Amino acid sequence: MNSSAGSAVGLVAWFRRHPVVADAIRWAIPALLVGGILRILFVSYMPYALWGADSRSFFVFTHKLFLNHSFSLGDKRRYLYPLLMAPMAALPGGVLRWLPIFQHLLGWVTLVPLAYVIRKSFVRWQLWIIPITILYAGLPEVLWCEHELLADNVFFALFLWTFAGWTAWITQKDPTRSRRVFWFFFVAFALFILTKPSGRFVWPGLAIGTLMTQAWRNFGWRQITAIVLLMGVSLTVGSKRQGSQLFYTSVFPLTRLDTPLHADYKAEIRDSVEHYRNNLEYFHAMQDGDLFYFLRDPGEQDARPLWKALGKDDNLKVKIYMDLALEGIKARPDLVFYLGLQRVVFDANLSAYGLSHFADGGYVDRSALYYNEAVKDEKSPLRLAFGLPPHGPLPPYSEFAHHLEPAPGSWAARTVQTWVASYGTKFDYFRYPKVPKNESKLSLVRPTFLGIWMLLAMGCAFLPRYRNTLGIWVIISVLQVFAVYSVSLVNVHYFAVVWPVLFVTMAIPLDALLARFIRK
């Protein structure tokens, strides 16, 4: 009893010394309730995480560890997320059974750092903290990503923890305390950047922010050493083969056909380059089709012999892809920006994320192929992931499917489906033309009122009150999004990471007006 009482007194004293944290937790309670209820209901009618197209690459490490007792982290998926899978695989029931609990819990707890950023950054924070945190608590894309074997949800959460860590660190006045609080920011940032290779695109924005705020003046040798080491380690995250393929795919129409560099290879793809160049306005809707699969596996086709041979020589393929991409970029940097802007605009709407993921029967339909793989192959990673017997026959999928969705059409399912559908187009920044996707082009897109408001809010983020916290993170978010989309494909997950920054930013103009009114 004395120990418990002492702990309680100590906790109260700690919160008194940190009133901003105490306010953040207290005012986040409504969002925690909403987010907690949604996540509990979601898991109740869909207890297993989804195994998707990219799940296998994140699970390779754990599968090899348990199958062959080998420790090997491939370059494509390194460090944090693959390592998280291993301890879950040791639990009864399978990784896909435990993963939603861990990931939903992480997403739920992450509402507190979001509340902290709002509490720390705004004058009239009491007006914004509840609606913004509730808005993010049930965001459809985040809610679903927490339910999938995919690193994106951890990436989203750590981005927010890094945002909060920066806010806490950069607002410190005392140099000694600043160096101490720096580590809260640094740990979150290190975990973030070691989760996915696209995290490295945050470095330029952070460098700009550190210079603008002059935060570097408080660095000691420990801080400098840690940053340099992290930069070095971050370069080992990601696959050169996959990175070069996505990079060249993103700028394929810019290939210079009449220069001597790899001219023989260019001759074989001239027709394809000219086709995409003539349809440049629609490239955002075309690049993830035939072009993507051709450049991913050039050895699978026979029409282009030189390219077919590249399928057997990864080193040469990486070199040619990088050479052709960089040559095109140097010749037309303006078109690189244009193509990146296409992808950003067509992924920027919240409604761009399809809600079919939450539909009854959707999980069962998508999982049938993977279960059948586990039936046919005892060494399939799906056996370990689903918690199935490692050896021997498995029951037919019709029997197992009930475990994946035990209560389709239940009130829990309807509640979650109604919630995610309620977002609709209310938070869209652009109005797309009502034509098929492959006929949509940038010149037909118009900003919504919210899109115009967002531009105003981004400008207001550089008012003195908000510049060192929200203004810097507007810079970080814009550079992150444009950098990723300039060297990759259309994918709403690339944009989702900055949603919390945008939600917070939207409140700045009204907060600035109220602050001015209050002073008067």
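To be clear, the structure that these remarks concern was listed above.
A. Geometry of the overall build of the protein chain. Regarding its fold elements, the protein chain presents 29 helices and two strands. For 520 residues, the compact-globule formula gives about 24 Å, and the C-alpha radius of gyration of the protein chain, at 24 Å, lands near that figure. Over its C-alpha atoms, taken along the principal directions, the protein chain stretches across nearly 75 × 60 × 50 Å. Looking at the protein chain as a whole, 51% of its 520 residues are labelled buried. In the protein chain, 75% of the contacts between residues at least 6 apart in sequence involve partners at least 24 apart. Carbon and sulfur atoms form 64% of the exposed surface of the protein chain, whose accessible area is close to 23,900 Å².

B. Inspection of the packing of helix 12 (residues 203-213) against helix 26 (residues 464-486) at higher detail. Two elements in contact, helix 12 and helix 26, have axes separated by 8 Å at closest approach and are oriented at 155°. Considered as vectors, helix 12 and helix 26 are oriented roughly antiparallel to each other. With respect to the hand of their crossing, helix 12 and helix 26 are arranged in right-handed fashion. On helix 26, the residues that touch P204, G205, L206, I208, G209, M212 and T213 of helix 12 are R467, N468, I472, W473, I475, I476 and L479. Split by residue class, the contact of helix 12 with helix 26 holds nine nonpolar, four polar and one charged.

C. Region of the structure containing helix 8 (residues 125-137). In this model helix 8 runs 18 Å from its N-terminal to its C-terminal C-alpha over 13 residues, within 8% of the 18 Å that 1.5 Å per residue would give. Taken together, the buried positions of helix 8 are occupied by W125, W128, I129, I132, T133, L135, Y136 and A137.

D. Structural view of unusual backbone geometry. A positive phi angle is found at Q214, which is not glycine, with a value near 60°. With respect to the secondary-structure elements, Q214 resides in the loop between helix 12 and helix 13 (221-234). The phi dihedral of H262 falls on the positive side, at around 50°, and the residue is not glycine. You can see H262 is positioned in the loop between helix 14 (240-250) and helix 15 (263-278).

E. A look at the side chain of H284. By the element assignment, H284 lies in helix 16 (residues 283-286). Given a relative accessible area of 3%, H284 falls into the buried group. Separated by 2.9 Å, the side chain of H284 and the backbone oxygen of S440 make a polar contact. Those residues in contact with H284, other than ones at most four positions away along the chain, are Q342, R343, F346, K437, S440 and V490.

F. Structural context of a nonpolar patch on the surface. A cluster of nonpolar residues, I208, M212, F462 and L479, forms a patch on the protein surface that exposes about 300 Å² of accessible area. Relative accessible area serves as the criterion here: at 33%, L479 is assigned to the partly exposed category.

G. Seen up close, the packing of aromatic side chains. Tallying each qualifying case throughout the model produces 47 aromatic pairs. For the pair F182 and F219, a centre-to-centre distance of 5.5 Å together with 65° between the ring planes defines the contact as edge-to-face. Taken together, the positions of F182 in helix 11 (residues 175-193) and F219 in the loop between helix 12 and helix 13 put the pair 37 residues apart, joining distant regions of the chain. Residue F182 is classed as buried on the basis of its relative accessible area, which comes to 1%. Where F386 meets F400, the ring centres are 5.5 Å apart and the plane angle is 85°; that geometry is what we call edge-to-face. Taken together, the residues span a long stretch of sequence, with F386 in helix 22 (residues 381-386) and F400 in helix 23 (residues 397-404) at a distance of 14 residues. We note that F386, like F400, is buried.

H. Here's a closer look at the pattern of salt bridges. Here the structure, examined in full by the defined rule, presents 15 salt bridges. A salt bridge links R270 to D258; the nearest nitrogen and oxygen atoms lie 2.9 Å apart. With a gap of 12 residues between them, R270 in helix 15 and D258 in the loop between helix 14 and helix 15 connect regions that are remote in the sequence. Overall, the relative accessible area of 31% leaves R270 in the partly exposed class. A salt bridge links K441 to E281; the shortest N-O distance between them is 3.6 Å. Here K441 is found in the loop between strand 1 (430-431) and strand 2 (446-447), whereas its partner E281 is found in the loop between helix 15 and helix 16, with 160 residues between them in sequence. Through salt bridges with shared partners, a single network forms among D23, R26 and R119.

I. Seen up close, the environment of D302. Mapped onto the elements, D302 comes out in the loop between helix 17 (290-296) and helix 18 (305-310). Judged by its relative accessible area of 63%, D302 is exposed. A polar contact is formed between the side chain of D302 and the side chain of K308, at a distance of 3.0 Å.

J. Here's a closer look at the packing of helix 20 (residues 333-347) against helix 26. Direction vectors running N to C along helix 20 and helix 26 enclose 110°, while the axes themselves pass 8 Å from each other. Considered as vectors, helix 20 and helix 26 are oriented roughly perpendicular to each other. Judged by the sense of rotation from one axis to the other, the crossing of helix 20 with helix 26 is right-handed. Counting all contacts with helix 20, which are made through V336, F337, G340, L341, R343, V344 and D347, the residues of helix 26 involved are V481, F482, Y485 and S486. In terms of residue class, the contact of helix 20 with helix 26 is built from seven nonpolar, two polar and two charged.

Thresholds, definitions, all that
- Residues numbered from 1 in each chain as written.
- Predicted model: local features only at pLDDT ≥ 70, side-chain atom pairs only at ≥ 80, totals over all residues.
- Heavy atoms only, no water.
- Helix = DSSP H or I, 4+ residues; strand = E, 2+ residues; numbered from the N terminus.
- Rg over C-alpha atoms; globule rule 2.2 N^0.38 Å.
- Buried < 20%, exposed > 50% of the residue type's maximum accessible area, 1.4 Å probe, protein only.
- Contact = heavy atoms within 4.5 Å.
- Areas by Shrake-Rupley, 256 points an atom, 1.4 Å probe, with all protein chains shown as cover.
- Axes fitted to C-alpha atoms, helices over the stretch in contact; angles between N-to-C directions.
- Parallel < 35°, antiparallel > 145°, perpendicular 65-115°, else oblique.
- Left-handed = near helix turned anticlockwise from the far one by under 90°.
- Nonpolar A, V, L, I, M, F, W, Y, C, P; charged D, E, K, R; others polar.
- Expected span 1.5 Å × (residues − 1).
- Polar contact = N/O pair within 3.5 Å; in protein donor to acceptor, adjacent residues only side chain to side chain.
- Patch = residues over 30% accessible without salt bridge, like charges linked within 9 Å, V, L, I, M, F, W, Y side chains within 5 Å.
- Salt bridge = Lys/Arg side-chain N within 4 Å of Asp/Glu carboxyl O.
- Phe/Tyr/Trp six-rings, centres within 6.5 Å; stacked < 30°, edge-to-face > 60°.

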